[in-house]
Amino acid sequence: PQENPLTPQQFYQNYILQRRPVILHGKNLDGVIANFSKLRKSFASFPHLRRKAGHVQVSVEKRQHSAEDSSSPFGNGNEIEMTFSSFLDLIEKGNT
């Protein structure tokens, strides 16, 4: 296990971009999870997200295969631009 805390940039580069699983642990983890749960309850509704950021242009990765094709669960780095509201529409339709 890594002893030094990761910066957000390191976490993104080493885990998110690499699609590597990560196990979070530590003496402060309970507080982090509790704070995240509070934030999630406050901000996790799609209507709230649309009001706050629906107009923002975002880059998303487009899949090359359908969601049912388990041989390639991720895209190939092909990004497309859309509004955050349009992205939320896709999630609501089950296009994850």
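The structure reproduced in this document is the subject of the present report. (Residues numbered from 1 in each chain as written. Predicted model: local features only at pLDDT ≥ 70, side-chain atom pairs only at ≥ 80, totals over all residues. Heavy atoms only, no water.)

## Focus on the packing of aromatic side chains
Working step 1: Counting across every chain of the model gives 1 aromatic pair.
Working step 2: Centre to centre, the rings of Phe84 and Phe87 are 6.2 Å apart; their planes meet at 25°, and the pair counts as stacked. Placement of both Phe84 and Phe87 in helix H4 (residues 84–92) is noted, with a separation of 3 residues, approximately one turn of the helix.
Working step 3: Assessed through its relative accessible area of 28%, Phe87 is described here as partly exposed. (Phe/Tyr/Trp six-rings, centres within 6.5 Å; stacked < 30°, edge-to-face > 60°. Helix = DSSP H or I, 4+ residues; strand = E, 2+ residues; numbered from the N terminus. Buried < 20%, exposed > 50% of the residue type's maximum accessible area, 1.4 Å probe, protein only.)

## Some words on the pattern of salt bridges
Any two side chains of opposite charge can pair, so long as their charged atoms come close to each other.
Working step 1: In this structure the tally under the stated criterion is 2 salt bridges.
Working step 2: Between Asp89 and Arg50 there is a salt bridge, and its shortest N-O distance comes to 2.6 Å. You can see Asp89 sitting in helix H4 and its partner Arg50 sitting in helix H3 (residues 46–53), a full 39 residues away along the chain.
Working step 3: For Arg50, a relative accessible area of 23% translates into the label partly exposed.
Working step 4: Between Glu92 and Arg50 there is a salt bridge, and its shortest N-O distance comes to 2.9 Å. Taken as a pair, Glu92 in helix H4 and Arg50 in helix H3 lie far apart in primary sequence, 42 residues in all.
Working step 5: Members of the salt-bridge network, linked through shared partners, are Arg50, Asp89 and Glu92. (Salt bridge = Lys/Arg side-chain N within 4 Å of Asp/Glu carboxyl O.)

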